[in-house]
Amino acid sequence: MSRRADRCPSPKPRGECPGASSCGHSPDVREETAMHDHRKLGRELDLFDTDPLIGAGLPYWLPDGAAVRHALEEYVRAAERRAGYRHVYSPVLGKRELYEISGHWSHYSDDMFPPMSLGAEQVVLRPSLCPHHALIYRSRSHSHRELPLRMAELGGMYRSELSGVLGGLTRVRAIQLNDAHIFCTPDQVADEAWAALEMIRRAYEALGVAPARYRLSLPGPGGKYVVAPEMWRRSTALLTDVLDRSGLPYEAVEGEAAFYGPKIDVQVADAAGRESTLSTVQVDFHQPEQFDLHYIGADGARHRPVMVHRSVIGSVERAVAHLIEQHGGAFPAWLAPVQVEILPVSEAELPNAEALARRCVDLGLRAEVAGPERGSLGARVRQARLVPYQAVVGAKEAADDHVALRLRDGRRLAPRPADDVLARVRALVDAHSADLWDAAAS
């Protein structure tokens, strides 16, 4: 990962946009950018916050933010299981020697926290998960029949980011990474990389995210890269073929590769046009060599696997930051911290509203009751403007066990049986649909 801060198209640092004459942004764009700044919205919506006693670049998640994060993580885990990945857990610490072998210590130590002495040993907060996964692979013998072996983890890692580039959730020092490593034969690399791009495409569709561009990230002059020209040639050719096969438009950019190999980066942009990398696919011949990984081929001999690094949503922190800005806090229903806001018209309907909330929870929906103590019905509707579904319960609805549903987009549905409403909402949430309601059911 580059240590450069995300920037405006102008040379001004992040957050400085004094006028259209200097950065090219119109007042409307600057206003929209400020309105959708995830740092502002995240605090206003009680999603996350920071405290100087915890430290810079170390945000904590409030209950609503934790609900968004949990839904995102569960989506990724389920998608990985369907794609044949097996999940593991690995520690966030490793001996310095581990990162000397992987190459991180010689090529990446500026981004790592200093080692901690434990007796005669030195341990380090890991800057990535791949060395641990390489050791997990190496711990057992493998036949060619087991490959591709797809290993995934939502795991913590740590980057010693400079204080000047830290900001909200986009640049942090403690990262929860959606990471995976595929150990495969050379003949399987292209198919696995293509399948990873397809997983990313489906995830973006569910998240309501549009890539700004696809980037083939190559080494550049003066960088700290592994010196292995043939390895770079092979891995670059493989990723180029994958991009060409996918039909995706892409741009080759020097200086953005990982130290061990080229990568496909999926770039997203905020309202001001600032780009960041959300997802990535990488081909790595280096670490299998460093860790002496092998599998037994059909000929009975030992062969070297290739390691494909793949991240569908990248860091959970950066993904949520982008989703906040993309949707302005109005998340897709399956991601929303509160999915159903139940609005009893008066105190008399409060018991029915609370019973309805319990039914929502039993169905796995995130629901809360906003009673008359919070103000008039109109005021409560406005307060719940970001919630996908507002279930109004008046005297007639309470008597008939019906719900009058208001959708976030302004549509109002005629009262209908509560069980029918909740079943339809649950089905849309399970489908990770961008639609709030099935038009055929209106």
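The structure displayed is predicted, hence computed values, not measured ones. Counting starts from 1 at the beginning of each chain's written sequence and moves along it residue by residue. Local features in a predicted model are, by the rule used here, given only for residues with pLDDT of at least 70; side-chain atom pairs are given and counted only at 80 or more, and totals for whole chains, interfaces and linings are based on all residues. Calculation of side-chain values draws on the structure's entire complement of heavy atoms; hydrogens and water are dropped beforehand.

Enquirer: Help me understand the side chain of aspartate 179, please; the structure alone is not making it clear to me.
Expert: The topology assignment puts aspartate 179 in strand 8 (residues 174-184). Working definition: with a 1.4 Å probe on protein chains only, accessible area under 20% of the residue-type maximum means buried, over 50% means exposed, and in between means partly exposed. For the purpose of counting charges, residues Lys and Arg are taken to be positive, whereas Asp and Glu are taken to be negative. His and the chain ends are not included. Here, a salt bridge means any side-chain nitrogen of Lys or Arg that lies within 4 Å of a carboxyl oxygen of Asp or Glu. Buried and without a salt bridge, aspartate 179 has arginine 310 as its closest oppositely charged side chain, separated by 6.4 Å. Between two residues, a contact is recorded if the distance between any of their heavy atoms is within 4.5 Å. Residue contacts for aspartate 179: discarding those within four places in its chain leaves Glu80, Leu129, Cys130, Met151, Ala152, Glu153 and Arg310. In this description a helix means any DSSP run of H or I spanning at least four residues, a strand means any run of E spanning at least two, and both kinds are numbered starting from the N terminus.

Enquirer: Which parts of the structure should I look at to understand the packing of helix 4 (residues 63-82) against helix 8 (residues 189-207)?
Expert: The relative placement of two packed helices comes down to the angle between their axes together with the axis-to-axis distance. Axis lines are fitted through C-alpha atoms, for helices just across the contact stretch, and the angle between N-to-C directions can take any value from 0 to 180 degrees. Viewed as axis vectors pointing N to C, helix 4 and helix 8 meet at an angle of 145°, and their least axial separation amounts to 12 Å. Judged by the sense of rotation from one axis to the other, the crossing of helix 4 with helix 8 is right-handed. Residues Leu72, Tyr75, Ala79 and Glu80 of helix 4 form the contact with helix 8, whose participating residues are Met199, Arg202, Ala203, Ala206 and Leu207. Residues that form the contact of helix 4 with helix 8 fall into these classes: seven nonpolar, no polar and two charged. Note on convention: the crossing is left-handed when the near helix lies turned anticlockwise from the far helix by less than a right angle, right-handed when the turn is clockwise. Only Asp, Glu, Lys and Arg are considered charged in this grouping, and only Ala, Val, Leu, Ile, Met, Phe, Trp, Tyr, Cys and Pro are considered nonpolar; every other residue, Gly among them, is considered polar.

Enquirer: For this particular structure, what's the right way to read helix 11 (residues 316-327)?
Expert: The α-helix advances 3.6 residues per turn, and as a result positions three or four apart in sequence lie on the same side. A helix's residues, less one, multiplied by 1.5 Å, set its expected span. Here helix 11 contains 12 residues, and its C-alpha end-to-end distance of 16 Å stays within 8% of the 16 Å for a straight helix at 1.5 Å per residue. With 11 of 12 residues buried, helix 11 lies mostly within the body of the structure. Residues Val316, Glu317, Arg318, Ala319, Val320, Ala321, His322, Leu323, Ile324, Glu325 and His327 constitute the buried set of helix 11.

Enquirer: It is not clear to me how the side chain of serine 90 should be interpreted in this structure. Could you clarify?
Expert: When you line up the elements, serine 90 lands in the loop between strand 3 (86-87) and strand 4 (93-95). Polar contact is defined as a pair of N or O atoms within 3.5 Å, subject to the rule that within protein one atom must be able to donate a hydrogen and the other to accept it, and that residues adjacent in sequence are counted only when both atoms are side-chain atoms. Within polar-contact distance, the side chain of serine 90 engages the side chain of arginine 126 at 2.7 Å. Side-chain polar atoms of serine 90 contact the side chain of glutamate 153, separated by 2.8 Å.

Enquirer: Looking at this structure, how should I read the nonpolar core?
Expert: A general feature of soluble globular proteins is that nonpolar side chains tend to end up buried together. Throughout this description, the term nonpolar core refers to a set of buried Ala, Val, Leu, Ile, Met, Phe, Trp, Tyr and Cys residues connected via side-chain atoms within 4.5 Å. Core analysis: the biggest nonpolar cluster contains 90 residues, and Leu72, Leu335, Ile342, Tyr389 and Leu405 have the highest contact counts within it. Top element by residues in this core is helix 8. It accounts for 10 residues. Non-local contacts of leucine 335, meaning those with residues more than four positions away in its chain, are made with Val68, Ala71, Leu72, Leu207, Leu323 and Arg366. Listed in part, the 17 residues of the second largest apolar core include Leu98, Tyr108, Leu149 and Met151.

Enquirer: What is the right way to read the sheet that holds strand 12 (residues 275-284) from this model?
Expert: In sheet architecture, strand pairing relies on hydrogen bonds along the backbone and comes in two forms, parallel and antiparallel. The strand order 3-7-8-15-12-11-9-10 describes an open sheet built from eight strands, whose pairing is mixed. Here the strands that pair on one side only, and so sit at the sheet edges, are strand 3 and strand 10 (250-254). Contacts from helix 4 reach strand 3, strand 7 (149-158), strand 8 and strand 15 (306-311) within the one sheet, and its direction differs from that of strand 8 by about 5°. Strand pairing follows a simple DSSP-based rule, namely that at least 2 bridges must link the two strands.

Enquirer: Just to check I follow, could you spell out the packing of helix 12 (residues 350-362) against helix 15 (residues 418-430) for this structure?
Expert: It is at 11 Å that the axes of helix 12 and helix 15 come closest, and there the two elements cross at 35°. As for how helix 12 packs across helix 15, the hand of that crossing is right-handed. Taken together, the residues of helix 15 that come into contact with helix 12 (itself represented by Leu356, Arg359 and Cys360) are Ala418, Asp419 and Leu422. Residues of the contact of helix 12 with helix 15, tallied by class, amount to four nonpolar, no polar and two charged.

Enquirer: Can you help me understand the pairing of strand 6 (residues 121-125) in this one?
Expert: Residues in a regular strand project their side chains so that they alternate between the two faces of the sheet. In terms of strand pairing, strand 4 meets strand 6 through three bridges, oriented antiparallel. Along strand 6, the bridge assignment pairs lysine 95 with valine 123. Two strands pair when backbone bridges link them, and strand 5 (residues 116-118) and strand 6 are joined in this way by three bridges, in the antiparallel orientation. When the bridges of strand 6 are listed, serine 117 appears paired with glutamine 122. Connecting the antiparallel pair strand 5 and strand 6 is a turn made up of two residues, with glycine 119 showing a positive phi of about 65°.

Enquirer: How should I be thinking about the environment of alanine 418 in this particular structure?
Expert: Following the sequence through the fold, alanine 418 ends up in helix 15. For alanine 418, a relative accessible area of 1% corresponds to the buried category. Sequence separation between alanine 418 and glutamate 397 is 21 residues, and the spatial gap between their C-alpha atoms is 8.9 Å. The residues touching alanine 418, leaving out its near neighbours within four places in the chain, are Leu356, Arg359, Asp401, His402 and Val403.

Enquirer: Would you explain the pattern of salt bridges in this entry?
Expert: Pairing is possible between side chains of opposite charge, provided their charged atoms come close. Tallied over the entire structure, the rule returns 34 salt bridges. Its salt-bridge partner being glutamate 80, residue arginine 310 comes within 2.6 Å of it at the nearest N-O pair. Here arginine 310, found in strand 15, pairs with glutamate 80, found in helix 4; they are 230 residues apart in sequence, far enough to count as distant. Comparing arginine 310 with glutamate 80 shows no difference in burial state: the two are buried. The salt bridge partner of arginine 359 is aspartate 401, with a shortest N-O separation of 2.9 Å. Taken as a pair, arginine 359 in helix 12 and aspartate 401 in the loop between helix 14 (395-400) and strand 19 (402-407) lie far apart in primary sequence, 42 residues in all. Looking at arginine 359, the relative accessible area reads 26%, which means it is partly exposed.

Geometric descriptors of this kind do not, in isolation, establish any biological role.
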